[in-house]
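A look at the structure
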Amino acid sequence: MIILYNKNETNFINNGIGILRDSYNVYINRKINSIYELTFEYPKNGFLANNLEYFMIIKANGQLFRINSINKTLTSYKITAKHIMYDLNNNFLEDVAPTNQNGEGALNWILERTVYPHRFTGFSDIQKISSARYVEKNVINAILGESNSLVKRWSGEIDADNFTIKLLNRLGSDRGFQLSLRKNITGLNISINIDDLITKFMPKGYDGLLLPEKYVESPLINNYPFQIIRVLDISSAKISDEMTRDQAYQLMRDTCNQQFQDGIDKPKINVKVDFVELSKTKEYEKYKNLETVYLGDTVSIFLPEYNLNANLRVISTSYNVLKNKYEKLELGDALGSLSKQQVNLTQSIENIKEENKNELNNY
């Protein structure tokens, strides 16, 4: 059921202006730490068609979306509406600095210090303590931006339940979901890319600091016809009162090895599938728990015809609202290697500082 509300509505437990009963091709599309939007089509002469305007709110599958795009043809409208959390894209942070906060503390710190008030509250299960500063940024940029955002600094993934914003360690879980051609896949596109593959790092610390051995190699380095070498700048590996030379060296080695553990030395696999959600069929009704998949889940995909047998995460979904089922999934790596590098580097530095603090306390 797709319900239309006025742009300033605050009560969503009723049917608002009315039910958009003539909607078709209604999909909710999501991608981890990226899009969360509703798209649908509506006949030009359909019920309440003349009421469809920018900024109006639509409820679909229990979630609220605000119309941001209307594409009109001679016979129909194509509507795109962003999740209500993107209202925060229009609010502003002048100079806000959550300091020594866990995930929930940092999220609510910025939500409570916007230029104008709003209904959003934050929740997080991330216990990591960190700090950040946001100067003249909109709230969504502070939460999901590319450089110093909450999801980068605190290493999290964003979920939203209407006016509750969630910063989680990870979305989804491993429910034992399996994909295969003979079972539930009806369409397939596999992409394997080696453009970002690296098998050997020359880590460089502050002021050009190099390791005695100069390079750190991947355990898979001999799997390829030649070495793939890149410089990895680790400016925080700095000899100082807080970090000895040996600790700086170890930080550089650990950061490189973490990159290899995160898969920088392996080809990137991306799989887009059209599939039948078996949990919605009678034959698999009793196996519902094993045949349901959600954004962020780890799933196994077995395609011997393509020499592919892997566990991958669901990084984006397309949900058919009217049919109440997922129809398209994208599988791959949710977080890029750069963001993982930043997260692990920050954690390693904090560990070194804590070790030095403990050593000083022993004297």
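Residues numbered from 1 in each chain as written. Predicted model: local features only at pLDDT ≥ 70, side-chain atom pairs only at ≥ 80, totals over all residues. Heavy atoms only, no water.

1. Description of the environment of Asp 159
Residue position: Asp 159 is located in strand 11 (residues 157-161). C-alpha of Asp 159 to C-alpha of Phe 123: the two residues are 36 residues apart in sequence and 9.7 Å apart in space. (Helix = DSSP H or I, 4+ residues; strand = E, 2+ residues; numbered from the N terminus.)

2. Overview of the pattern of salt bridges
Counted under the stated rule, the structure contains 10 salt bridges. As a salt-bridge pair, Glu 217 and Lys 200 come within 3.4 Å of each other at their nearest N and O atoms. With Glu 217 in strand 16 (residues 216-217) and Lys 200 in strand 15 (residues 200-204), the pair connects residues that are 17 residues apart, well separated along the chain. With a relative accessible area of 10%, Lys 200 lands in the buried category. Taking the shortest distance from any N to any O, the salt bridge between Asp 265 and Lys 266 comes out at 3.6 Å. (Salt bridge = Lys/Arg side-chain N within 4 Å of Asp/Glu carboxyl O. Buried < 20%, exposed > 50% of the residue type's maximum accessible area, 1.4 Å probe, protein only.)

3. A closer look at the sheet that holds strand 12 (residues 164-168)
Spatially, 9-12-11 is the arrangement adopted by the three strands of the open sheet, whose pairing is mixed. Each end of this open sheet is capped by a strand with a single partner; those strands are strand 9 (121-124) and strand 11. On average, each strand axis in the sheet is tilted by 25° relative to the strand beside it, whichever way the strands run. Across four bridges, strand 9 lies against strand 12 in parallel orientation. Counterpart to Ser 124 in the pairing with strand 12 is Leu 167. This element, helix 1 (residues 103-111), spans strand 9 and strand 12 of the sheet and lies at about 165° to strand 9. (Pairing = 2+ DSSP bridges. Axes fitted to C-alpha atoms, helices over the stretch in contact; angles between N-to-C directions. Contact = heavy atoms within 4.5 Å.)

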